[in-house]
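A look at the structure
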Amino acid sequence: MSLNVGVLSIQGDVHENIMSAKTAIDELGIDCKVSAVRTSEEISQLDGLIIPGGESTTIGQLSLVNGSLKVLKEKIENGMPVLGICAGMIMLSNNASDRVVGKIDQPLLNILDIKLERNSFGRQKESFESDISLDSINIKKFNAVFIRAPSVSDVGSDVEILSKFNDRIVAVKKGNVIGTAFHPELTEDVSLHKYFINLVNSFKN
Ligand code: GLN
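The paragraphs below set out a description of the structure included in this document. Bear in mind that the values here come from a model prediction, so they are computed numbers and not experimental data.

A separate point is the environment of I50. Relative to the helices and strands, I50 resides in strand 3 (residues 48-51). Along the primary structure I50 and S35 are separated by 15 residues, whereas in three dimensions their C-alpha atoms are 10 Å apart. Leaving out residues up to four positions away in the same chain, I50 has contacts with G6, V7, L8, N17, A21, L83, I85, H193 and F196.

Okay, here's the thing in structure tokens:
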């Protein structure tokens, strides 16, 4: 049966994630469609979702207003695999505060029990790339692109740490939920998108 993967299309890196997911699907040879999704109706039909990087306050506020936040939470709680990238990982968290302005009242999905610092590595102009590894999911070397990235300072007992950069946690996993502080859609390497599509495939089949 064909899989249905969506990229949340409220704000942020939507197109780049669609392209990376399509390349991953081609390389895996899996029958799966990928599309931009926004409404509760579209989200309710998904087998997997990517929440892209962008601006978490905007993504949270607009999905609260259009009513999709509730459906998103229900689907993820019912086991739907989700890849939250940067702002997407912030959306998945239950405890986010900004390095400079501290805690603000932003809508979060409260799925991952993680303590997270927004803009942890500085401003846009302090963006950087570095090789990291995600050994436990068999990705030995990955070129990670950090743009106004968050870092995770603490995780609950049910959250697995997938990767660290300079002692800061930059990728986490809990069941079918993955969060990365960096942007896998901005590199040629689609191994993280492939890992995610495989998760969706095992969830559905
Ligand atoms: N700093 C952004 C936020 O707090 C995330 C940046 C990104 O997704 N590249 O939402």
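For the rest of this paragraph, the subject is the packing of aromatic side chains. In this structure the tally under the stated criterion is eight aromatic pairs. Judged by centre distance (5.5 Å) and plane angle (65 degrees), the rings of F121 and F128 are edge-to-face. Connected via pairs of aromatic rings, a cluster forms that spans F121, F128, F142, F146, F165 and F182.

Checked against the element boundaries, D47 lands in the loop between helix 2 (40-44) and strand 3. Excluding residues that lie within four positions of it along the chain, D47 makes contacts with S2, L3, N4, M80, P81, V200, F203 and K204.

Turning our eyes to something else, we now look at the site of the ligand. The environment of the ligand is made up of G53, G54, E55, S56, C86, A87, I90, R118, N119, I147, R148 and H183. Interatomic distance of 3.0 Å between a backbone N/O atom of A87 and an oxygen atom of the ligand. In the model, a nitrogen atom of the ligand is placed 2.7 Å from a nitrogen or oxygen of the N119 side chain. Protein contacts shield 98% of the accessible area of the ligand, which totals 300 Å² for the unbound molecule. Here the shell around the ligand is composed, by residue class, of four nonpolar, five polar and three charged.

Next up on the list: unusual backbone geometry. Its identity as a non-glycine residue notwithstanding, C86 has a phi of 55 degrees, on the positive side. With respect to the helices and strands, C86 occurs in the loop between strand 4 (82-85) and helix 5 (87-92). The exposure class assigned to C86 is buried, which follows from its relative accessible area of 4%. The backbone of N119 sits at a positive phi, close to 50 degrees, despite the residue not being glycine. Positionally, N119 belongs in the loop between strand 6 (112-118) and strand 7 (128-134). The class for N119 is buried, based on a relative accessible area of 15%.

Definitions and cut-offs
- Residues numbered from 1 in each chain as written.
- Predicted model: local features only at pLDDT ≥ 70, side-chain atom pairs only at ≥ 80, totals over all residues.
- Heavy atoms only, no water.
- Helix = DSSP H or I, 4+ residues; strand = E, 2+ residues; numbered from the N terminus.
- Contact = heavy atoms within 4.5 Å.
- Phe/Tyr/Trp six-rings, centres within 6.5 Å; stacked < 30°, edge-to-face > 60°.
- Near = heavy atom within 4 Å.
- Polar contact = N/O pair within 3.5 Å; in protein donor to acceptor, adjacent residues only side chain to side chain.
- Areas by Shrake-Rupley, 256 points an atom, 1.4 Å probe, with all protein chains shown as cover.
- Nonpolar A, V, L, I, M, F, W, Y, C, P; charged D, E, K, R; others polar.
- Buried < 20%, exposed > 50% of the residue type's maximum accessible area, 1.4 Å probe, protein only.

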